[in-house]
Amino acid sequence: MVNFTYAAQLLPLLLLSPTSIKSSENKNSVVLANGFTATHLNLRPSFLPRGGSLDNNKSALSSSASAVESDVGPAMEVISQGNWDLLSDRGKAALSRLILYDMSSGNDGQKHVYGEWPEAGVQDEEKCMLAEQIADLDGSYPGGLPAYLSKAKTLLKESADGTNPFEEFEASVPEGESLSFEEPNANPHTGMTFTEAEQAGLTGIGDTVFVLVAGGLGERLGYSGIKLSLETNLCTNKCYLEVYAKYIQAMQRMAHLKTGKDHIRIPLVIMTSGDTDPLTRQLLKDNNNFGFDEGQVMIVKQDKVCALKDGNAGLSMKSKWEIETKPHGHGDVHHLLYREGLVDKWYNEGKKHVIFLQDTNALVINSVLPTLGVSIAKSFHMNSICIPRLAGEAAGAIARLEHKTDPEKSLVINVEYNQLDPLLSSQGDCKGDVADPTTGYSPYPGNANNIVIEMGAYAKTLRGEDQGVVIEFVNPKYKDETRTEFKKPTRLECMMQDIPKLFQKEMGSEANIGFTLFDRWFTFSPAKNSLEAGVEDVGKGGTAPGTMSSAESDKYIQNQRKLKFAGVDINVTEEKDLVPIAGIPVTPGPRVILCPGFAITQQEVVEKIEGGKITDRSTLVLEGEDLKVKNLDLDGALVIRTGHDCDVTVDGLVVRNTGYDLSEFPEGADVPEEVAIRGYTMNKSEAMEITITEPGKYHIGADGEVKKLE
């Protein structure tokens with residue numbers, strides 16, 4: 001009879017090579033499953049029992065090698081000696097763990113993986129490859145494959161039984177802030193103006209860290225590369241990663257000016273996957289890290305998890321010798337930051353907030369400073385960037401879940417749309433997910449999945465027994481109402497925004513979690529859908545197709561509104577003004593790009609732009625930290641770029657030229673993917689381009705002549 005309790009205590013030891021433990025010359029060193037050597041003091045916690053300290057396990061490491069070796073008995077019952085001898089030590093250890101778990105569970109749910117291997121000499125290479133894959137999967141998940149499969153069985157049963165995860169909770173609208181770029185007065189319910197929030201954010205920018213979640217390819221967009229490499233707009237052709245980089249660097253420069261400390265560096269961590277990691281590294285290399293200093297950008301790579309073929313959590317096989325794997329979700333980011341020791345490092349360095357961004361929503365950078373300001377002013381441990389949400393909209397919402405019997409279990413968290421309506425239908429007036437008649441929107445703010453987290457609370461939470469592994473879920477697509485067979489393999493998933501469950505677990509009622517609400521035009525227009533899917537959505541009456549073309553258009557419209565706010569005579573495109581190009585409604589113009597190097601705050605826009613008029617057919621690109629534009633008269637295309645220490649004033653400039661326009665290409669035309677996903681190209685017929693890089697003071701008048709004053 002297998003003693004599974006004892007086996008579970010040995011799970012981390014089975015990741016180690018027994019031979020390596022015995023033969024290591026350094027008694028304080030062990031060889032990990034992935035081949036790296038680490039001293040006891042540096043051994044990563046993800047290889048330890050949940051909640052256990054390394055000191056408590058030193059004796060186990062030194063005395064249990066023979067026990068580890070003796071537990072291969074169950075494996076030897078199904079794997080022949082000849083086949084066993086083919087495998088590496090790590091392959092043997094991981095396979096032993098899997099077989100031991102399977103036999104202990106009583107249903108042999110994984111026997112299709114390790115059973116009925118042909119005799120030694122037949123497909124030996126394939127056997128070794130499978131064992132190595134099992135070792136990789138086992139070593140990459142905290143607790144190993146037994147922990148993953150055990151969780152999966154529990155969650156799959158709850159899914160099949162239709163268990164309501166919110167049965168013990170009632171929902172209410174949480175505390176938050178509502179800000180509007182164009183509204184000078186404070187919200188009567190929350191008390192801050194946009195300007196106040198942004199100015200509060202400026203006090204903390206030097207103590208921030210950015211984390212960019214970028215584990216996915218652009219396949220859903222119809223693009224085979226990484227989404228970070230896609231051009232945000234065709235006026236500047238700058239990709240998403242460059243836009244984020246330049247925004248962070250603009251914040252960093254502002255921190256230097258505010259504090260007088262030129263040594264401040266704002267780190268950026270990018271979470272990649274096996275699919276995106278090499279391409280992300282190459283993109284950074286090809287562009288000299290987009291201006292970041294050496295070591296300022298760090299990359300952490302997430303692993304995939306096993307796909308599951310049935311309700312018993314049977315591993316799905318791509319072939320007899322390969323387990324099918326699927327992405328685990330962006331919730332991995334928290335454990336990865338903990339595993340790499342980054343959060344404790346930042347905390348010890350005095351960093352105060354971590355800002356999490358998604359990969360293809362360029363508008364959201366406008367919301368970072370005011371959201372940070374709200375976090376500082378209200379002492380939020382976590383603050384979600386939100387948008388107004390239509391009732392019934394297929395988007396998650398932020399809600400406060402009050403536990404019916406234990407207040408310590410109450411929490412503020414994202415609730416997915418398919419869970420929100422049943423929850424609201426079971427409480428209060430039982431009307432479900434309906435609109436507030438005074439606003440026309442749901443009272444529950446829509447989650448944009450970009451968050452600001454206070455570093456102290458984050459570090460404390462990640463040091464807890466879960467080590468940043470957020471609560472997982474499973475979402476199988478069943479073949480029929482019996483809910484026993486899947487249409488396709490599923491897997492455990494996790495979401496970045498579910499970290500409040502760990503805050504609640506580690507901090508209880510002390511966890512202060514809220515949201516900051518912005519207008520959609522200001523903060524939310526992700527590129528996530530293919531052109532074809534967007535056209536289909538528009539055909540059904542949708543107004544947010546989520547394509548590259550709609551994201552680009554919304555960026556132009558956002559900047560139209562900023563210039564209008566600053567007093568420029570400019571038309572702001574409304575929904576009725578949109579024109580279809582390649583089937584997607586977009587702005588007819590003007591196309592305006594205010595680069596991060598020009599302005600990242602409302603105050604900068606107002607101070608650097610004065611008067612002027614811009615026609616609808618025009619294009620304007622402004623880039624330069626000390627650039628000011630007054631009384632511009634633009635009918636055509638104008639691009640101004642100035643370098644560091646270039647104090648440039650443009651006053652009364654008159655521009656008349658052919659400009660830029662968009663051109664659809666014929667259906668079926670042979671064009672690159674990055675062009676095809678938009679459905680159009682930009683014809684840059686004529687433009688006035690002014691580039692100044694030599695430090696000094698300059699003036700540009702009506703005729704466009706650049707005059708150096710100093």
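How each quantity is defined
Residues numbered from 1 in each chain as written. Predicted model: local features only at pLDDT ≥ 70, side-chain atom pairs only at ≥ 80, totals over all residues. Heavy atoms only, no water. Helix = DSSP H or I, 4+ residues; strand = E, 2+ residues; numbered from the N terminus. Buried < 20%, exposed > 50% of the residue type's maximum accessible area, 1.4 Å probe, protein only. Contact = heavy atoms within 4.5 Å. Areas by Shrake-Rupley, 256 points an atom, 1.4 Å probe, with all protein chains shown as cover. Lys, Arg positive; Asp, Glu negative; His and termini not counted. Salt bridge = Lys/Arg side-chain N within 4 Å of Asp/Glu carboxyl O. Polar contact = N/O pair within 3.5 Å; in protein donor to acceptor, adjacent residues only side chain to side chain. Pairing = 2+ DSSP bridges. Axes fitted to C-alpha atoms, helices over the stretch in contact; angles between N-to-C directions. Left-handed = near helix turned anticlockwise from the far one by under 90°. Nonpolar A, V, L, I, M, F, W, Y, C, P; charged D, E, K, R; others polar. Expected span 1.5 Å × (residues − 1). Core = buried A, V, L, I, M, F, W, Y, C linked by side-chain atoms within 4.5 Å. pLDDT = per-residue confidence, 0-100. Parallel < 35°, antiparallel > 145°, perpendicular 65-115°, else oblique. Phe/Tyr/Trp six-rings, centres within 6.5 Å; stacked < 30°, edge-to-face > 60°. Lys NZ or Arg CZ within 6 Å of the ring centre and 35° of its normal.

Draft legend 1. Structural detail: the overall build of the protein chain. When its secondary structure is counted, the protein chain shows 24 helices and 37 strands. Classification of the 710 residues of the protein chain by burial places 54% in the buried group. For the protein chain, the proportion of contacts with a sequence separation of at least 24, taken over those separated by at least 6, is 69%. Total accessible area computed for the protein chain in this model is approximately 30400 Å², and 48% of it derives from carbon and sulfur atoms.

Draft legend 2. Quick look at the side chain of Lys 351. As for its placement among the helices and strands, Lys 351 is situated in the loop between helix H15 (342–349) and strand E13 (353–357). Within the buried core, Lys 351 has no salt-bridge partner, and the shortest N-O distance to an opposite charge, that of Asp 207, equals 5.5 Å. A distance of 3.0 Å separates a polar side-chain atom of Lys 351 from the backbone oxygen of Arg 265. If sequence neighbours within four positions are ignored, Lys 351 has contacts with Gly 206, Asp 207, Thr 208, Val 209, Arg 265, Pro 267, Trp 346 and Met 455.

Draft legend 3. Focus on helix H11 (residues 194–202). Taken together, the buried positions of H11 are occupied by Phe 194, Ala 197, Glu 198, Ala 200, Gly 201 and Leu 202. Where the residues of H11 are buried, they touch helix H12 (240–259), helix H16 (365–378), helix H20 (520–523) and helix H23 (602–608).

Draft legend 4. Broad picture of the sheet that holds strand E24 (residues 591–594). Across the sheet, 4 strands lie side by side as E24-E27-E30-E35; this open sheet has parallel pairing. This sheet does not close on itself; its edge strands, each paired only once, are E24 and strand E35 (688–692). Within the sheet, the average angular offset between the axes of one strand and its neighbour, ignoring direction, is 5 degrees. As defined by bridge partners, strand E30 (residues 637–642) adjoins E35 across 5 bridges and the pair is classed as parallel. Across the sheet, the residue bridging to Thr 642 is Ile 692, located in E35. The sheet strands contacting helix H22 (residues 548–565) are E24 and strand E27 (619–623), and the helix crosses E24 at an angle near 75 degrees.

Draft legend 5. Fine view of the packing of H12 against H16. At a closest axis distance of 10 Å, the pairing of H12 and H16 adopts a crossing angle of 35 degrees. Crossing of H12 against H16: the hand is right-handed. Facing H12, whose interface residues are Val 243, Tyr 244, Tyr 247 and Met 251, H16 presents Ile 365, Val 368 and Leu 369. Classifying every residue of the contact of H12 with H16 by side-chain character gives 7 nonpolar, no polar and no charged.

Draft legend 6. Here's a closer look at the pairing of strand E3 (residues 169–172). Across the two faces of E3 the burial differs, with Phe 169 and Ala 171 buried and Glu 170 and Ser 172 not buried at all. Strand direction decides the pairing type here: E3 and strand E15 (residues 397–403), joined by 4 bridges, are antiparallel. Bridge pairing in E15 links Ala 171 to Leu 401.

Draft legend 7. Representation of H22 within the structure. With 18 residues, H22 should cover 26 Å at 1.5 Å per step; its first-to-last C-alpha distance of 26 Å lies within 8% of that length. Of all the 18 residues making up H22, 15 are buried; the element is thus mostly covered by neighbouring parts of the structure. Note on H22: the residue one or two positions beyond its end, Gly 567, has a positive phi of about 105 degrees.

Draft legend 8. Region of the structure containing the pattern of salt bridges. Applying the stated criterion to the full structure yields 35 salt bridges. Among the ionic pairs, Asp 124 bridges to Lys 127, the shortest N-O distance being 3.2 Å. Note that Asp 124 and Lys 127 are positioned in helix H9 (residues 124–140) at a spacing of 3 residues, about one turn of the helix. Residue Asp 124 is classed as partly exposed on the basis of its relative accessible area, which comes to 22%. Measuring nitrogen to oxygen at the nearest pair gives 3.3 Å for the salt bridge that ties Lys 540 to Glu 536. On the accessibility criterion, Glu 536 (48% relative accessible area) is partly exposed. Within this structure, Arg 90, Glu 132 and Asp 136 form a network of salt bridges that share partners.

Draft legend 9. Structural context of unusual backbone geometry. Gly 589 connects to Pro 590 through a cis peptide bond whose omega is 0 degrees. Tracing the sequence through the fold places Pro 590 in the loop between strand E23 (584–586) and E24. Here Cys 430, not a glycine, exhibits a phi torsion of approximately 60 degrees, which is positive. Tracing the backbone shows Cys 430 in the loop between helix H17 (417–425) and strand E17 (446–454). For Cys 430, a relative accessible area of 45% corresponds to the partly exposed category.

Draft legend 10. Focus on the nonpolar core. In this structure, Phe 210, Leu 228, Tyr 240, Leu 241, Met 251 and Ile 270 are the most contacted members of the largest nonpolar core, which totals 58 residues. With sequence-adjacent residues up to four places away left out, Ile 270 is seen in contact with Leu 212, Ala 214, Leu 228, Leu 241, Thr 280, Leu 284, Val 297, Met 298, Ile 299 and Val 300. Counting 37 residues, the second-largest nonpolar core is a separate cluster that includes Val 269, Leu 337, Val 412 and Met 455.

Draft legend 11. Summary view of the side chain of Lys 227. As for its position among the elements, Lys 227 is in the loop between strand E5 (208–213) and H12. Among the polar contacts listed, one links the side chain of Lys 227 to the side chain of Asp 359, at a separation of 3.3 Å. Those residues in contact with Lys 227 that lie beyond four places of it in its chain are Gly 216, Leu 217, Gly 218, Leu 221, Tyr 240, Asp 359 and Thr 360.

Draft legend 12. Highlighting the confidence of the model for the protein chain. On average, residues of the protein chain score 87 in pLDDT, and 90% of them reach the 70 mark or higher. Contacts of residues 1–70 to residues separated by more than four positions or lying in other chains number 93 contacts, the stretch itself having pLDDT below 50.

Draft legend 13. Geometry of the packing of helix H7 (residues 89–105) against H9. Running from N to C, H7 and H9 cross one another at 70 degrees; their axes reach a closest spacing of 8 Å. When the axis of H7 is compared with that of H9, the two are roughly perpendicular. Here H7 contributes Arg 90, Gly 91, Ala 94, Leu 95, Arg 97 and Leu 98 to the contact with H9, which in turn contributes Ala 131, Glu 132, Ile 134, Ala 135, Asp 136 and Asp 138. When the residues that make up the contact of H7 with H9 are grouped by side-chain class, the tally is 6 nonpolar, 1 polar and 5 charged.

Draft legend 14. The packing of aromatic side chains, seen in detail. Evaluation of the coordinates by the stated rule reveals 13 aromatic pairs. Ring geometry for Tyr 240 against Tyr 244: centres 6.4 Å apart, planes inclined by 40 degrees, an arrangement best described as tilted. Note that Tyr 240 and Tyr 244 are positioned in helix H12 at a spacing of 4 residues, about one turn of the helix. Of the two residues, Tyr 240 and Tyr 244, neither departs from the other in class, the shared state being buried. Joined through ring pairs, the aromatic side chains of Phe 181, Phe 194, Phe 518, Trp 521, Phe 522 and Phe 565 make up one cluster. In this structure, Arg 463 is placed above the aromatic ring of Tyr 347, and the distance from its NZ or CZ to the ring centre is 5.4 Å. Against the face of Phe 598 rests Lys 608, its NZ or CZ located 5.3 Å from the ring centre.

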